[in-house]
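For reference, the chains in residue letters:
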Amino acid sequence: MHGEVTIGGAKNSTVALIPAAILADTPVKFDSVPEILDVHNLMLILEAMNVKSHFSHGQLEIDPTNIENRPLPGDAIRSLRASYYFMGAMLGRFGKAVVGFPGGDNIGPRPIDQHIKGFKALGAHVEEEDNAVRITTGPEGLHGARVFFDMVSVGATINVLLAAVKAKGTTIMENVAKEPEIIDLATFLNNMGAHIRGAGTDEIRIEGVESLKSTNTHTIIPDRIEAGTYLAFAAANGDGVLVKNVITEHLDPFIAKLREMGVTMEIDEDSIYIPGNDRLSPVTVKTSPFPGFATDLQQPITPLLMCAQGTSKIIETIYPKRIKHIPEMQRMGADISCKDGVFTIHHAKNLKGANVDAGEIRAGVALLGLGLMAKGTTVINNADNILRGYDRIVEKMRGLSVDIELLTVADNL
Ligand SMILES: CC(=O)N[C@H]1[C@@H](OP(=O)(O)OP(=O)(O)OC[C@H]2O[C@@H](n3ccc(=O)[nH]c3=O)[C@H](O)[C@@H]2O)O[C@H](CO)[C@@H](O)[C@@H]1O
Ligand SMILES: C=C(OP(=O)(O)O)C(=O)O
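What counts and how
Within every chain, residues take consecutive numbers counted from 1 along the sequence as written. Whichever chain is written first becomes A and whichever ligand is written first becomes 1, with later ones labelled in order. Reporting in this predicted model follows two pLDDT cut-offs: at least 70 for local features of residues, and 80 or more for side-chain atom pairs to be given and counted; totals over whole chains, interfaces and linings ignore these cut-offs and use all residues. The basis for every side-chain value is the complete set of heavy atoms in the structure, and neither hydrogens nor water enter the calculation. Summary of the distance rule: residues count as near a molecule or strand when at least one heavy atom falls within 4 Å of that molecule or strand. Whenever a nitrogen or oxygen atom comes within 3.5 Å of another N or O atom, the pair is scored as a polar contact, on the condition that within protein one atom can donate a hydrogen and the other can accept it, and that pairs from neighbouring residues in sequence are kept only if both atoms are in side chains. Segments assigned H or I by DSSP are reported as helices when at least four residues long, segments assigned E as strands when at least two residues long, and all are numbered from the N terminus. Residues were grouped as follows: Ala, Val, Leu, Ile, Met, Phe, Trp, Tyr, Cys and Pro as nonpolar; Asp, Glu, Lys and Arg as charged; and all remaining residues, including Gly, as polar. Here the limits of each domain have been adopted from an automatic or database domain assignment. Computed by Shrake-Rupley with a 1.4 Å probe, the accessible areas treat only the displayed protein chains as cover when residues are assessed. Only rings of Phe, Tyr and Trp enter the pairing, Trp through its six-membered ring, and a pair is recorded when the two centres are within 6.5 Å. The plane angle decides the type: under 30 degrees is stacked, over 60 is edge-to-face, the rest tilted. Exposed residues in this analysis have more than 50% of their type's maximum accessible area, buried residues have under 20%, and partly exposed residues fall in between, with area computed by a 1.4 Å probe over protein chains only. Buried area is a sum: the accessible area each of two parts loses on coming together, probed at 1.4 Å, counted once for each and added. Whenever Lys or Arg places a side-chain nitrogen within 4 Å of a carboxyl oxygen from Asp or Glu, that contact is recorded as a salt bridge. Here an angle of 0 to 180 degrees is reported between the N-to-C directions of two axes, which are lines fitted to C-alpha atoms, with helices fitted over the stretch in contact. If an angle is under 35 degrees, it is roughly parallel; if it is over 145, roughly antiparallel; if it lies from 65 to 115, roughly perpendicular; otherwise it is oblique. Throughout, a residue-residue contact means that at least one pair of heavy atoms, one from each residue, lies within 4.5 Å. Two strands are said to pair when DSSP picks up at least two bridges between them.

Re the site of ligand 1
In the vicinity of ligand 1 lie 21 residues, with Gln114, Ser153, Val154, Gly155 and Asp296 positioned nearest. The side chain of Asn12 places a nitrogen or oxygen atom 3.1 Å from an oxygen atom of ligand 1. Listed by contribution, the elements that provide at least two residues to the shell around ligand 1 are α1 (11–20), α5 (113–121) and α6 (154–164). Top element by residues in the shell around ligand 1 is α5. It accounts for 3 residues. Residues that form the shell around ligand 1 fall into these classes: 10 nonpolar, 6 polar and 5 charged. Each of domain 1 (11–219) and domain 2 (224–398) gives at least three residues to the shell around ligand 1.

Structure, rendered in structure tokens:
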């Protein structure tokens, strides 16, 4: 790999910002929007609610002024995890919501009990029916409340925040997630008149407001997981790769791990250059909520760990069943195993290209990374899972001299 790559807007911000847009009483505009399947599926959901949207060259305009509370399309809802943000957003907008159970990556059980606990604390009535969640409120609508989350959850923090932003009175959410994407969402809402304080700390305080109005374009923060993916691949296969549009602070634990492995990096204000060809040491990676090492980067860093002289370990504490890549990597000749959420990764000697399956987004991209190191051609089936969240990945990889081709294209991309 050789050349430059520019990181796109964060998937996990974008998929929260789009549902949040329906809380506005004006059209809203986003910039630096990634070209990913999740965005197209969220646009289909908006369309079903009579919300017009237009997406071109990284600019997304959404006009929720004629929104109607209509049933949402099941296929689009099931195509991504973040469709559940319509629960909080529709509650905030209409005081009621019926949303099908979400899809998203197949990475083991993903309960939403904390989201529901938060909605109930705000005064909502929640019922589960026919694979959907029906949430209603009385004539008074939602009211502010104190919510203590039993575990740190990105999704529950965002969903309850979306519901609370227009609720009457003060909401205090404790033990919340601190991910940069939550700060991005709060910034967008505050710029429209919301009163959210503490995003990025473990307590968020919201004073409900009556109306939200957009007056400027919101530029989405760069995707730290996309950046980490390219950095890991560059360190494994690179011959001079510059990764641009990076907020390096968002990648602190990842960069620290690369450093511990012995990866040479030239870190600038908003870019990182990796010369490549370093002799690498094995490490132990333990995933945890931000500011810890992101679970979404444990699979993308795996091919790099196979370049180290020795045995590395990954301890996956968030999704111990996030293992879809393992049998596929074994078929490519990798010496990797997993027991109870602990992955053991040995130095790889004789990797060979194979026909493999992208079981989910990060498993898929990790196979792509391993394919770069393997002899021969790798064919990745179900590549839609990668396209769910990696902005123009084929184009970007080609720009880094990778010989890659998209064989079938999803209908709605
Ligand atoms: C769209 C989006 O932003 N997705 C990200 C989000 O997913 P998501 O928001 O689904 O992940 P959470 O932070 O909610 O999950 C963290 C942990 O809490 C558990 N949990 C969560 C909610 C709940 O009500 N009950 C419960 O038990 C989950 O099973 C998991 O073990 O954060 C994950 C953890 O950083 C990332 O891997 C995903 O990329
Ligand atoms: C798990 C992920 O996404 P989602 O929550 O959208 O399934 C991910 O981005 O790695």
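Section: the site of ligand 2
The environment of ligand 2 is made up of 11 residues, and the closest members are Lys11, Arg110, Arg322, Arg362 and Arg388. A distance of 2.7 Å is found between an oxygen atom of ligand 2 and a side-chain nitrogen or oxygen belonging to Arg110. Here an oxygen atom of ligand 2 and a side-chain polar atom of Arg388 are 2.5 Å apart. For ligand 2, whose unbound accessible area comes to 290 Å², protein coverage reaches 93%.

A few points about the packing of aromatic side chains
What the rule picks out here adds up to 3 aromatic pairs. With a centroid separation of 5.7 Å and an interplanar angle of 40 degrees, the aromatic rings of Phe254 and Phe293 are classed as tilted. Of this pair, Phe254 sits in helix α9 (residues 252–261) while Phe293 sits in the loop between β16 (284–286) and α10 (302–305), placing them 39 residues apart in sequence. Exposure class is identical for Phe254 and Phe293. Each is buried.

Some words on the domain arrangement of the chain
The assigned domain composition of the chain is domain 1 (11–219) and domain 2 (224–398). Spacing between the C-alpha centres of domain 1 and domain 2 amounts to 30 Å. Between domain 1 and domain 2, roughly 1,800 Å² of surface is buried when both sides are summed, and carbon and sulfur atoms account for 53% of that area. In this assembly, domain 1 and domain 2 are joined by 2 salt bridges. Counting every contact that joins domain 1 to domain 2 gives 5 residue pairs in polar contact (both at pLDDT 80 or more). Here the residues of the side of domain 1 that touches domain 2 are counted per class, giving 8 nonpolar, 5 polar and 9 charged.

Examining the packing of α1 against helix α2 (residues 37–48)
Running from N to C, α1 and α2 point in directions that differ by 5 degrees, and their axes come no closer than 10 Å. Classed by the angle they form, the pair α1 and α2 counts as roughly parallel. Seen from α1, the contacting residues are Lys11, Thr14, Val15, Ile18 and Pro19; seen from α2, they are Asp38, Val39, Leu42 and Leu46. Class assignment of the residues belonging to the contact of α1 with α2 gives a composition of 6 nonpolar, 1 polar and 2 charged.

Structural notes on the sheet that holds strand β11 (residues 203–207)
Ordered by their spatial adjacency, 4 strands build an open sheet running β8-β9-β11-β10, and the pairing between neighbours is mixed. Each edge of the sheet is formed by a strand with only one pairing partner; in this case those strands are β8 (146–148) and β10 (195–197). Each strand of the sheet is rotated relative to its neighbour by a mean of 15 degrees, with strand direction disregarded. Alignment of β8 against strand β9 (residues 170–174), held across 3 bridges, turns out to be parallel. The residue bridging Phe148 from the neighbouring strand is Glu174, located in β9.

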